[in-house]
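# Geometric and topological summary
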Amino acid sequence: MTDDSVDPGEAFRPLGNEVRTRVLTALLEPVGEGEGRGVAPTTKTFSELFEASGAETTAGFAYHLRQLTDHYLRETDGGYTFTYAGLQIARAIVSGAYTESVDREPVTIPDPCPFCGEVGLRAAVADNTVSVSCHDCGRDVLALPFPPGGHRTHDDESLPAAFDRLYRHRVALLAGGTCPECGGRATSRVEYAERGDGALDPHPPRLHLACGACGYTLRCPVTLAVFDHPAVVAFYHDHGVDLRERPIWNVGREWREAVLSDDPWCVRVSTELEGETLELLVGRDGTVVETARHSSPTSEPATDSAAPSTAR
Ligand SMILES: [Zn+2]
Ligand SMILES: [Zn+2]
C-alpha cells in the first residue's frame, strides 16, 4: 500500500475562491428529469469550464485551473475530470454539507411513542439535526444529524422514512465492522449508558459503535444491532411482519433486553409474537452468539426501548 498524503492546509487552500468552486460544481452535470433528476460527474474542456466559471479572462482562468490540478482535477485527452478528492469536494458543495443549516417545523410521525405508546411523536429539525420527541409524555426519543441534501430532496412525508433508513443501515454497517462515513474499520462493544453527569447508568446497556479511522461514533440499544440477523428476519417473516416497516424510534413494544452478565458481557434480547418467543444471546461486541425459539413463557415487564444516539 502506498499513501500519497498532502498537508490539509495545502489541500484546502485552492478552494477559497468562487471561480474554482464553480469549476468543481460545473463537472457535476445535471441528468434525468422529474423524480430521477440529479447530477453526475463528467469531463469538460478548458473552454467549457471557462464558460461556467465566470472568470473574466482566459489567462486568469488558466491560473485558477492550475490551482485545482492535479489534486482536485486531472487533465485527460477529453478535457478535465475529477480526482477522488475533487469529486468528494464537489459533492459536498452541491449537497450543502458544509454550507447549509436547515431548520424545519415539526412534523407528526404516525408511529406510537416507544415510552408511553401514544401516537404523539414529532420530528423537528434544527441545524440539520433531527430530533424525535413525544408531545404526549414529553420524552426525547433521539437526536441525530441528517445532511442538508436529505432535507432538500425529501418532503415532510418522506423525511421520517429516509432518516430511519439512513440510521438503520449505519448501525448495520458499523456493527459489521465498516464505517459508513469513511469506510474505515469500526468496532463495537456493549457498555452501560453514561448519564449526563458522567456516572454510569446500570440500565440499560448500549452498543457503542466507533470508527478507528475518522472517529465517527454511534450508540444504540443492543436490540437494534440484531435487527438484520437471519433468525430475527425469519421469525418476523414467519409471523407475517416485515421488520423493515418498524422504524428505529419504535422497533415494537414486544422487544425485551436483559443483562445476564456484564463480565463478560451477555445480553439476552428477546421478542415475542403470537405466543412464540425468539431469544438471542449477544456478546461483548454485539454479535449474536446463540439463538432459540420456543413457545412464550409468562411475559416480563417491559424495559425502555430507545433509538440510537451519536456521541457528543
Ligand atoms: Zn410518549
Ligand atoms: Zn470512519
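A brief report on the enclosed structure follows.

So, how was this worked out
- Residues numbered from 1 in each chain as written.
- Chains lettered and ligands numbered in written order.
- Predicted model: local features only at pLDDT ≥ 70, side-chain atom pairs only at ≥ 80, totals over all residues.
- Helix = DSSP H or I, 4+ residues; strand = E, 2+ residues; numbered from the N terminus.
- Buried ≥ 20, exposed ≤ 12 C-beta atoms within 10 Å, placed from the backbone.
- Contact = placed C-beta atoms within 7 Å.
- Pairing = 2+ DSSP bridges.
- Axes fitted to C-alpha atoms, helices over the stretch in contact; angles between N-to-C directions.
- Core = buried A, V, L, I, M, F, W, Y, C linked by C-beta atoms within 7 Å.
- Arc of directions from axis to C-beta.

A tally of regular secondary structure across the protein gives 9 helices and 15 strands. Out of the 312 residues in the protein, the part that is buried amounts to 26%. A separation threshold of at least 6 residues defines the contact pool for the protein, and within that pool the share at least 24 residues apart is 51%.

Right, let's talk about the sheet that holds strand β8 (residues 140-145) for a bit. A sheet is described by the order of its strands in space; here 4 strands give the open sequence β5-β6-β7-β8, paired in antiparallel fashion. Each edge of the sheet is formed by a strand with only one pairing partner; in this case those strands are β5 (104-109) and β8. Strand-to-strand twist across the sheet, computed as the mean angle between neighbouring axes with direction ignored, equals 20°.

The next thing to look at is the pairing of strand β14 (residues 276-282). Here strand β13 (residues 265-273) pairs with β14 via 7 bridges, running antiparallel. Note on β14: the bridge partner recorded for S270 is E279. As consecutive antiparallel partners, β13 and β14 are separated by 2 residues, and within that stretch E274 has a phi angle of approximately 45°, a positive value. With 7 bridges joining them, β14 and strand β15 (residues 288-295) adopt antiparallel strand pairing. Following the sheet pairing, E279 is matched in β15 by A292. Here β14 folds back onto β15, and the loop between the two strands holds 5 residues, one of which, G286, carries a positive phi near 85°.

Turning next to the pairing of β8. Looking at chain direction, strand β7 (residues 129-134) and β8 are connected through 5 bridges and run antiparallel. Bridge pairing links S133 to D140 in β8.

A general feature of soluble globular proteins is that nonpolar side chains tend to end up buried together. Ranked by internal contacts, the top residues of the largest apolar core, which has 42 residues, are V132, V171 and A225. At 6 residues, the largest contribution of residues to this core is made by helix α7 (residues 159-175). Once residues within four sequence positions are removed from consideration, V132 is found in contact with I109, L121, A123, V141, L142 and W249. Judged by nonpolar contacts, the second largest core, of 16 residues, contains L27, F50, Y72 and A90.

Right, let's talk about helix α4 (residues 58-68) for a bit. For α4, the complete set of buried residues consists of F61, L65 and L68. An end-on view of α4 places all buried positions within 50° of arc, on one side of the element. Projecting away from the buried face of α4 at angles above 90 degrees are the exposed residues A59, A62, Y63 and R66. Where the residues of α4 are buried, they touch α2 (18-26), α3 (46-53) and β3 (73-76).

Below, the discussion takes up the sheet that holds β13. Strand pairs in the sheet, formed through backbone hydrogen bonds, run parallel or antiparallel to each other. Pairing within the open sheet is antiparallel, and its 4 strands lie in the order β12-β13-β14-β15. With partners counted over all chains shown, the strands left at the sheet margins are β12 (256-262) and β15, one partner each. Sheet twist, expressed as the mean angle between neighbouring strand axes with direction ignored, is 20°.

Before going further, it helps to spend a moment on unusual backbone geometry. That bond from T69 to D70 is cis: its omega, 5°, falls within 30 degrees of zero. Relative to the helices and strands, D70 is located in the loop between α4 and β3. A cis geometry characterises the amide bond from D263 onward to P264, with omega recorded as -5°. Summarising the element assignment, P264 is placed in the loop between β12 and β13. Its identity as a non-glycine residue notwithstanding, D127 has a phi of 45°, on the positive side. Among the secondary structure elements, D127 is positioned in the loop between β6 (121-126) and β7. At N128, a residue that is not glycine, the phi angle is positive and equals roughly 65°. Structurally, N128 is set in the loop between β6 and β7. Residue classification places N128 among the partly exposed positions, given that 19 C-beta atoms sit within 10 Å.

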